[in-house]
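# Topology and contacts: notes
What follows is the residue order along each chain.
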Amino acid sequence: MASRKMRGFCIYKKTNDNISLKSYLGEIYEQLIEFFAAIGKQVEYYEILINANWKVVVENALKSYHTWFAHPNSLSKYGTAKKDYLLYKQHSIYTSNHTKLDRKRDKLLAMANNRSLKIDGYQHYFVLPMLTLATFSGMSLTAHVIEPLNATTTKAINYRFMGKLNDDTLEEILFNMNSQSTAQLTRVAWEEDKPICEQVQLGLSEITEKMEFLVEKNSAYMNFIKPISNL
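Residues numbered from 1 in each chain as written. Predicted model: local features only at pLDDT ≥ 70, side-chain atom pairs only at ≥ 80, totals over all residues. Heavy atoms only, no water.

With that settled, the discussion passes to the overall build of the protein chain. What the protein chain contains, in helices and strands, is seven helices and seven strands. Its helices and strands in sequence order give the protein chain the pattern α-α-β-α-α-β-β-α-β-β-β-β-α-α, from N to C terminus. Among the 231 residues that make up the protein chain, the fraction classed as buried is 43%. If you take every contact in the protein chain between residues at least 6 apart in sequence, the share linking residues at least 24 apart comes to 63%. Counting every atom, the protein chain has about 13200 Å² of accessible surface; 54% of that belongs to carbon and sulfur. (Helix = DSSP H or I, 4+ residues; strand = E, 2+ residues; numbered from the N terminus. Buried < 20%, exposed > 50% of the residue type's maximum accessible area, 1.4 Å probe, protein only. Contact = heavy atoms within 4.5 Å. Areas by Shrake-Rupley, 256 points an atom, 1.4 Å probe, with all protein chains shown as cover.)

Moving on, we come to the pairing of strand β3 (residues 91–96). Most of β3 is tucked away, with six of its six residues classed as buried. Here β3 shows two buried faces, one formed by H91, I93 and T95 and the other by S92, Y94 and S96.

The next subject is unusual backbone geometry. Look at the link from L128 to P129: it is a cis peptide, with omega at 5 degrees. Assignment of secondary structure puts P129 in the loop between β4 (122–127) and β5 (131–136). Its identity is not glycine, yet N18 carries a phi of approximately 65 degrees, on the positive side. Here N18 falls in the exposed class, since its relative accessible area comes to 76%. Of note, S137 is a non-glycine position whose phi angle comes to about 60 degrees, a positive value.

We now examine the environment of Y46. The residue Y46 is located in strand β1 (residues 39–50) in this model. In the structure, Y46 is positioned 110 residues away from A156 in sequence and 8.3 Å away in space, judged by C-alpha atoms. Separated by 3.3 Å, the side chains of Y46 and E191 make a polar contact. (Polar contact = N/O pair within 3.5 Å; in protein donor to acceptor, adjacent residues only side chain to side chain.)

This next bit is on a nonpolar patch on the surface. There is a patch of nonpolar side chains on the surface, built from I196, V200 and L204 and spanning about 210 Å² of accessible area. Mapped onto the elements, I196 comes out in helix α6 (residues 168–214). (Patch = residues over 30% accessible without salt bridge, like charges linked within 9 Å, V, L, I, M, F, W, Y side chains within 5 Å. Salt bridge = Lys/Arg side-chain N within 4 Å of Asp/Glu carboxyl O.)

Now for the pattern of salt bridges. Under the criterion given, the structure shown has four salt bridges. Here E47 makes a salt bridge to K155, at a shortest N to O gap of 3.9 Å. With E47 in strand β1 and K155 in strand β7 (residues 153–163), this pair connects stretches of sequence that are 108 residues apart. Classification of E47 by relative accessible area gives partly exposed; the value is 28%.

Given below as structure tokens:
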């Protein structure tokens, strides 16, 4: 596991299209400002390789309905209640209230009542094309960067933080109490997502091969499908 410390985030646009970053982010801009301002002490840096195209990994992150079935050892432990989607053109925010909070987490939430970001449950942000953010009640915050390595391999880079409190002493206490379990949650969730994404990739590869065999004499169609299948 790599170990990298981050003091802050810098989001920038590489495309010179005369559209500012603020304009590109639109209404989600202010939400991101609040999220990043609430980042406290870093818990860990974690990388995982997934044998799937990057679009499969991104699509998996967008399908929130799978969360409570595909993550029995991580996210689904906290249950789900009301679900809200906020769409900001190509970006989105998904929120789900917890229904299974144990005594320890209830106690931690009470202790961190003055945390910078107060979210009622789990919140997931998607910033097109390859950045997702997540927070559990503002207690822990994570940035997931999706990095394509080739057509069938993707690296997921994860920065995990504790939420910032308006009390430095209490923030340090909560870090010592909860940072280890917070880091473990991220790893377990990705280990649960990895086989799902890889199975989807196998299915896509098989379909592509069959389509190529069936239409191999159709040169016009093959000129269309080959570039797509390599993305």
